[in-house]
Amino acid sequence: MESLTKRDQKFIWHPLTQHKTHPEMLGISRASGVYLYDEDGKSYIDGISSWYTAVYGHCNPYIISRVCAQMHQLDQVVFSGFTHEPAVALSETLIPMLPENQERLFFSDNGSTAVEVAVKMALQYHFNQGKPKKVLLAFEEGFHGDTFGAMSVSGLSVYNGPFEDFSLEVKRIPVPLEENPSKILQQLEGILNASEVAAFVYEPLVQGAAAMKTHNRSGLEAVLKYLKNKEILLIADEVMTGFGKTGTCFASEQMQTKPDMMCLSKALTAGLLPMAITSCTGEIFEAFYEDEVSKGFFHGHTYTANPLACTAALAGLELYKSDKIQLGIRRIEQGHRKFLDSIEGHPKIRASRQCGVIMALDLDIQTDRYGNIRDRLMAFFMERGVFLRPLGNTVYLMPPYVIEPEELNILYDNIELLLDTL
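So, how was this worked out
- Residues numbered from 1 in each chain as written.
- Predicted model: local features only at pLDDT ≥ 70, side-chain atom pairs only at ≥ 80, totals over all residues.
- Heavy atoms only, no water.
- UniProt positions renumbered as here; feature names shortened; annotations may be inferred.
- Pairing = 2+ DSSP bridges.
- Helix = DSSP H or I, 4+ residues; strand = E, 2+ residues; numbered from the N terminus.
- Core = buried A, V, L, I, M, F, W, Y, C linked by side-chain atoms within 4.5 Å.
- Buried < 20%, exposed > 50% of the residue type's maximum accessible area, 1.4 Å probe, protein only.
- Contact = heavy atoms within 4.5 Å.
- Patch = residues over 30% accessible without salt bridge, like charges linked within 9 Å, V, L, I, M, F, W, Y side chains within 5 Å.
- Areas by Shrake-Rupley, 256 points an atom, 1.4 Å probe, with all protein chains shown as cover.
- Salt bridge = Lys/Arg side-chain N within 4 Å of Asp/Glu carboxyl O.
- Polar contact = N/O pair within 3.5 Å; in protein donor to acceptor, adjacent residues only side chain to side chain.
- Lys, Arg positive; Asp, Glu negative; His and termini not counted.
- Axes fitted to C-alpha atoms, helices over the stretch in contact; angles between N-to-C directions.
- Parallel < 35°, antiparallel > 145°, perpendicular 65-115°, else oblique.
- Left-handed = near helix turned anticlockwise from the far one by under 90°.
- Nonpolar A, V, L, I, M, F, W, Y, C, P; charged D, E, K, R; others polar.
- Arc of directions from axis to C-beta.

The chain goes by Adenosylmethionine-8-amino-7-oxononanoate aminotransferase in an unreviewed UniProt entry, where it is assigned to Robiginitalea aurantiaca. Checking UniProt for the chain, the heading Subunit (unreviewed entry) contains the comment "Homodimer." Per its UniProt entry, the chain bears the Pathway (unreviewed entry) comment "Cofactor biosynthesis; biotin biosynthesis; 7,8-diaminononanoate from 8-amino-7-oxononanoate (SAM route): step 1/1."

A. Quick look at the sheet that holds strand 15 (residues 386-387). Within the open sheet, the 4 strands sit side by side as 1-2-3-15. Their pairing is mixed. Bordering the open sheet on either side are strand 1 (28-32) and strand 15, each of which pairs with just one other strand. Pairing of strand 2 (residues 35-38) with strand 3 (residues 43-46) involves 3 bridges; the strand directions are antiparallel. Across the sheet, L36 pairs through a bridge with Y44, a residue of strand 3.

B. Local environment of the nonpolar core. With 102 residues, the main nonpolar core has F200, L227 and I415 as its most contacted residues. Sort the elements by how many residues they give to this core and helix 11 (residues 307-320) lands first, with 10 residues. F200 has contacts with L137, A138, F139, I173, V223, L224, L227, I232, L233, L234 and I235, leaving out every residue within four places of it along the chain.

C. Examining a nonpolar patch on the surface more closely. Judged by side-chain polarity, F148, F163 and F166 come together as a nonpolar surface patch covering roughly 330 Å² of accessible area. Looking at the element boundaries, F148 is found in helix 6 (residues 148-152).

D. Quick peek at the pattern of salt bridges. Counted according to the given criterion, the structure contains 10 salt bridges. Residue E141 is joined to K213 by a salt bridge in which the shortest nitrogen-to-oxygen separation is 2.4 Å. One end of the pair, E141, is in the loop between strand 5 (135-139) and helix 6; the other, K213, is in strand 9 (residues 213-214), and 72 residues separate them in sequence. For E141, a relative accessible area of 34% puts it in the partly exposed group. On the basis of relative accessibility, which here comes to 24%, the residue K213 falls in the partly exposed class.

E. Broad picture of the UniProt feature "modified residue: N6-(pyridoxal phosphate)lysine" (unreviewed entry) in the chain. Under the local residue numbering, the UniProt record ascribes the feature "modified residue: N6-(pyridoxal phosphate)lysine" (unreviewed entry) to K266. With respect to the secondary-structure elements, K266 resides in the loop between strand 11 (261-264) and strand 12 (276-281). Note on K266: relative accessible area 25%, which makes it partly exposed. The residues touching K266, leaving out its near neighbours within four places in the chain, are W51, Y52, T53, V239, M240 and G271. Within polar-contact distance, the side chain of K266 engages the backbone oxygen of W51 at 3.5 Å.

F. Layout of the side chain of K245. Here K245 is to be found in the loop between strand 10 (233-237) and strand 11. E238 is the oppositely charged side chain nearest to the buried, salt-bridge-free K245, at an N-O distance of 8.6 Å. What K245 contacts, discounting residues up to four positions off in sequence, is Y52, V55, M240, A267, C355, G356, V357, I358, M398 and Y401.

G. Structural detail: the UniProt feature "binding site: pyridoxal 5'-phosphate" (unreviewed entry) in the chain. Mapped onto the present numbering, the UniProt feature "binding site: pyridoxal 5'-phosphate" (unreviewed entry) falls at G111, S112, D237, H301 and T302. In summary, the annotated positions, distributed over 192 residues, remain apart in three dimensions as well, the widest C-alpha pair reaching 22.9 Å. Along the chain, G111 falls in helix 5 (residues 111-128). Here S112 lies in helix 5. Judged by its relative accessible area of 13%, S112 is buried. With near-sequence residues (within four places) excluded, S112 lies in contact with H144, G145, D146, T147 and A150.

H. Just the packing of helix 4 (residues 85-94) against helix 11, in detail. For the pair helix 4 and helix 11, interaxial distance at closest approach is 8 Å and the crossing angle is 30°. Viewed along their axes, helix 4 and helix 11 adopt a mutual orientation that is roughly parallel. Crossing angle aside, the handedness with which helix 4 passes helix 11 is left-handed. In this structure, helix 4 contributes P86, A87, A89, L90, T93 and L94 to the contact, and helix 11 contributes P307, C310, T311, A313, L314 and L317. When grouped by side-chain class, the residues that make up the contact of helix 4 with helix 11 number 10 nonpolar, 2 polar and no charged.

I. The pairing of strand 2, seen in detail. The sheet contact formed by strand 1 and strand 2 spans 4 bridges and is antiparallel. Opposite S32, over in strand 2, you have Y35 as the bridge partner. Hairpin connection, strand 1 to strand 2: the antiparallel pair is bridged by 2 residues, and G33 has positive phi, about 60°.

J. Quick peek at helix 4. Listed in full, the buried residues belonging to helix 4 are P86, A87, A89, L90 and L94. Taken around the axis of helix 4, the buried residues stretch over an arc of 165°, which confines them to a single face. Seen from the buried face of helix 4, the exposed residues on the opposite side, beyond 90 degrees, are E85 and E92. In the core, the buried residues of helix 4 are packed alongside helix 3 (61-71), strand 4 (102-108), strand 11, strand 12 and helix 11.

K. Focus on the pairing of strand 16 (residues 394-397). Here strand 16 shows no split at all, with T394 and Y396 on one side and V395 and L397 on the other all buried. Bridge count for strand 14 (residues 358-363) against strand 16 is 4 bridges, and the pairing is antiparallel. Bridged to A360 within strand 16 is Y396.

Quick look at the structure:
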């Protein structure tokens, strides 16, 4: 039989891929714990939890057993006009874990749709009150998804270029890098004086696709507090940062000013099934709670609150709260700190940073985000049995919480080998 790589080339169009220059895809046949296995049996340590999703390890037996049992009970049902135990139980479990002002959950399919829902909610919130506001605010270099609303508030031209003329109106501000971001606050004042801003969409503390760019926590707090005082709705995109990545369950917990809405996905279902949630305050929900049908929120997906995905999320949250997983998170944080200390001052490192289980190194080399050097960096790691996916010249780690110390050391050793051979 032909290899997966050859069969794949016949019909499939892959995401984020220029097929003319990158025609071949590696065939992955199975996964277990922190390992991916290709069709030849070679193993790779998944150092980024498969885009920050499989945080409890691949094919986690506890999650699989729970979902398998649910498959025999209820697989799928329309969520308009019906409800079911997995969705209700998930809401009862998740709401107490969110900032205390979050009171309602709206289900969708993925990170992009979670943001899309939040943007639509924010725009309709003002519309329903007879005070339409059409302008959105976002950080430079943010990434919030590929659907049109989520893409509009994203600031990476490689994604947005052909579609910029079709986007929502968005004003952008720099990420706060200092405790007192006076220039950003002055810029905000000018924007708010000239535009009716509906909401601010932001990744709290860490911008994932922007090569793990981190915020100054006090500076971010100043921005959020200023906007809250101006009655601008705050939308925290925690699709990447949520469920333990930044040292707390949600990055928003580390801020005094809480968001009005939160966008959740990725690790929500532990990488097993697609699902997303947009949470909001009771005040936002009340703006849609009217006798007038047209003031309701007419947005829905076929697989909204799929019972299997809800069950996967419930099982994942149980694991997240366990001592084993919390110890794993602390172990990764400590390992990152120790490793960064050991390579401090290395001539091939331009900058380094850590936030919780997220660790990133900017290499002192010039390369485009999807350039040849970036591809060579990835190939270097894959040849050595390590799956890392550099963002331009940034190498980052976000391993599963179940990774063992010796496996974590393999990741560090290969990064150090790269630094010494550049």
